[in-house]
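A look at the structure
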Amino acid sequence: DFDGVTIQSAPRKWNNDFNRNFPFNWMDESVQSGAGAYPLANVETKAMADFVTTHKNICCALEMHTMTGIYLHPPGAMHKSEVDSRDIRTFQLIGEMATEETGYPVVNVRDDYVPSSTKIGSAGTFNDFNFFMHGIIDYTVECWDLDPRAGITFPHPVMEPQSDQANEDQYLKYLQWIDRENDGEGVQPWTKFNHPQLGEVEIGGIDYKFVVQNPPLKFLRQEVEKHVRFMLREANCLPQVSFRKVNVKQIEETFYQIDAHVMNTGFLPTQITEESLRRKIAEDLKVTLDGENILFISGKQTQEIGQLEGYSAISSVSASVNGLSSERARPSEKKVTWIVKAAPGTHLTITCKNSRIGTCKTEVTL
């Protein structure tokens, strides 16, 4: 609709921001641009939400975005002071490994990333959906760190608007980096072009898509590899539940007491986050004793034991400075006891499971 005078950009084809279309703290288009007609209005976001909701064993999530070179953690909808401090500490501790492997800083979305003038934080995001509605440890990874590579220091918060002079200095450093590190590739010389409506214009400049927003091809492998290193380390932080020992005591000829000690030796607790407890979405661990022709005298066949703490709750500072280990929020080991009537030689299977940690088992013979 060019009228010969006013140059107006074409409207967006879709006008959707998938990372503003999730249910937690969703706000409509009058408040949050790109939010969509309603939460999960897009088939893609609906499919993602359905997948997370139906896979209760998900403990951690990484969302691979592009541009900036930073790991972002929840909350985005509120200040981090409004979330349990133990969850913030977990984000920071695991985040230290991300920084070690990638060089990327790890910051909170609301307090350290979005502009201070933003009153609503980030609305309808996937990482808030995962954290608040499913108790998942979630990082949004903004891949490709051109700014620090080019000698540009992050503002604080990162997305704070810059002056025209700062923007000019930034793009000059981009050009210098392209010449120095990328063999001069990634800049299109300004070239005259005859536009059908505007007449003669010039097209050129930095290749935004494959220099600024994404790494040039020669840097792609190193960019991918360092994030994979962190992913493998984060996977090692998951709860590791096992039976430390099982004691069998014969009380009488066909009466036995079985004591099963269940322990979490992993970094994370079995509920993963305190938020999952607060929202009552954490499923208790269930310990079950099975065997042929056994009669339970004391103790239910399946017993719920709540959650088991991980070693992330231990403060080494307290132990070394004060000579005392810190108190845990909950124990990392629990004992489950049964008294049963069964024939000598009966084979027993003991399992511990929930949807989050899966199933571990051990076997004993009376």
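The preceding data block contains the structure.
Conventions we followed
All residue numbers refer to position in the chain's written sequence, counted from 1. It should be noted that, the model being predicted, local features are given only for residues of pLDDT at least 70 and side-chain atom pairs only at 80 or more, the latter also being counted only at that level, while totals for whole chains, interfaces and linings use all residues. Excluding hydrogens and water, the side-chain values take into account all heavy atoms of the structure. Note on exposure labels: buried denotes an accessible area under 20% of the residue type's maximum, exposed denotes more than 50%, and partly exposed covers the range between, all computed with a 1.4 Å probe on protein chains only. A helix here means a DSSP run of H or I that spans at least four residues, while a strand means a run of E at least two residues long, and both kinds are numbered starting from the N terminus. We call two strands paired when DSSP finds no fewer than two bridges between them. Whether two aromatic rings pair depends on their centres lying within 6.5 Å, for rings of Phe, Tyr and Trp, where Trp uses its six-membered ring; planes under 30 degrees apart make the pair stacked, over 60 edge-to-face, and the rest tilted. Helix axes are fitted to C-alpha atoms over the stretch in contact, other axes to C-alpha atoms as well, and angles between N-to-C directions run from 0 to 180 degrees. In this scheme, roughly parallel covers angles under 35 degrees and roughly antiparallel covers those over 145, while 65 to 115 is roughly perpendicular and the rest are oblique. By the definition used in this description, the sense in which the near helix is turned from the far one sets the handedness, with an anticlockwise turn below a right angle giving left-handed and a clockwise turn giving right-handed. By the convention used here, residues are in contact when the closest approach between their heavy atoms is within 4.5 Å. Polar here means any residue outside two lists: the nonpolar Ala, Val, Leu, Ile, Met, Phe, Trp, Tyr, Cys and Pro, and the charged Asp, Glu, Lys and Arg; Gly therefore counts as polar. The charged-residue count follows a simple rule in which Lys and Arg add positive charge and Asp and Glu add negative charge, with His and chain termini not counted at all. One side-chain nitrogen of Lys or Arg within 4 Å of one carboxyl oxygen of Asp or Glu is enough to make a salt bridge. For this analysis, a polar contact is any N or O atom pair within 3.5 Å, provided that within protein one partner can donate a hydrogen and the other can accept it, and provided that sequence-adjacent residues contribute only side-chain to side-chain pairs.

1. Brief notes about the pairing of strand β8 (residues 255-264)
Of all ten residues in β8, seven are buried; the element is thus mostly enclosed. As paired strands, strand β7 (residues 241-252) and β8 are joined by ten bridges and run antiparallel to one another. Bridge pairing in β8 places F243 opposite V262. Counted along the chain from β7 to the antiparallel partner β8, the turn is two residues long.

2. Remarks on the pairing of strand β5 (residues 187-195)
Taken together, the seven bridges between β5 and strand β6 (residues 199-206) define a ladder with antiparallel strand orientation. Residue pairing for β6: T191 is matched across the bridge by I203. Between the end of β5 and the start of β6, which pair antiparallel, lie three residues.

3. Quick word on the packing of aromatic side chains
Under the definition given, this model contains 16 aromatic pairs. Centre to centre, the rings of W177 and F219 are 5.3 Å apart; their planes meet at 40°, and the pair counts as tilted. You can see W177 sitting in helix α6 (residues 164-181) and its partner F219 sitting in helix α8 (residues 217-235), a full 42 residues away along the chain. In this pair, the class of W177 matches that of F219, namely buried. For the pair F267 and Y311, a centre-to-centre distance of 5.4 Å together with 80° between the ring planes defines the contact as edge-to-face. A residue pair is termed long-range when its members are at least 10 positions apart, and F267 in the loop between β8 and α9 (274-278) and Y311 in the loop between β11 (302-306) and α10 (316-322) qualify at 44 residues. Clustering of aromatic rings is evident, with ring pairs tying together F24, Y71, F91, Y104, F131, F132, Y139 and F230.

4. Topic: the packing of helix α2 (residues 85-102) against α8
α8 packs onto α2 with a crossing angle of 150° between their chain directions and a minimal axis gap of 8 Å. In terms of their interaxial angle, α2 and α8 are classed as roughly antiparallel. The two elements α2 and α8 meet at a crossing, and its hand is right-handed. Contact with α2, carried on its side by I94, M97, A98, E100, E101 and T102, involves K226, H227, R229, F230, R233 and E234 of α8 and no other residues of that element. Split into classes, the residues belonging to the contact of α2 with α8 amount to four nonpolar, two polar and six charged.

5. Brief notes about unusual backbone geometry
At the junction of P74 and P75, the peptide bond is cis and its omega measures out at 0° in the coordinates. Summarising the element assignment, P75 is placed in the loop between β2 (70-73) and α2. Phi at T68 takes a positive value of approximately 125°, unusual for a residue other than glycine. One can find T68 in the loop between β1 (60-66) and β2. On the accessibility criterion, T68 (15% relative accessible area) is buried. Despite not being glycine, N293 has its phi angle at roughly 55°, a positive value.

6. Concerning the side chain of D259
Secondary-structure assignment places D259 in strand β8. The charged side chain of D259 is buried without a salt bridge, its nearest counter-charge being K335 at 4.6 Å. In terms of polar contacts, D259 uses its side chain to reach the side chain of Q257, at 3.1 Å. A distance of 2.7 Å separates the side chain of D259 from the side chain of T337, its partner in a polar contact.

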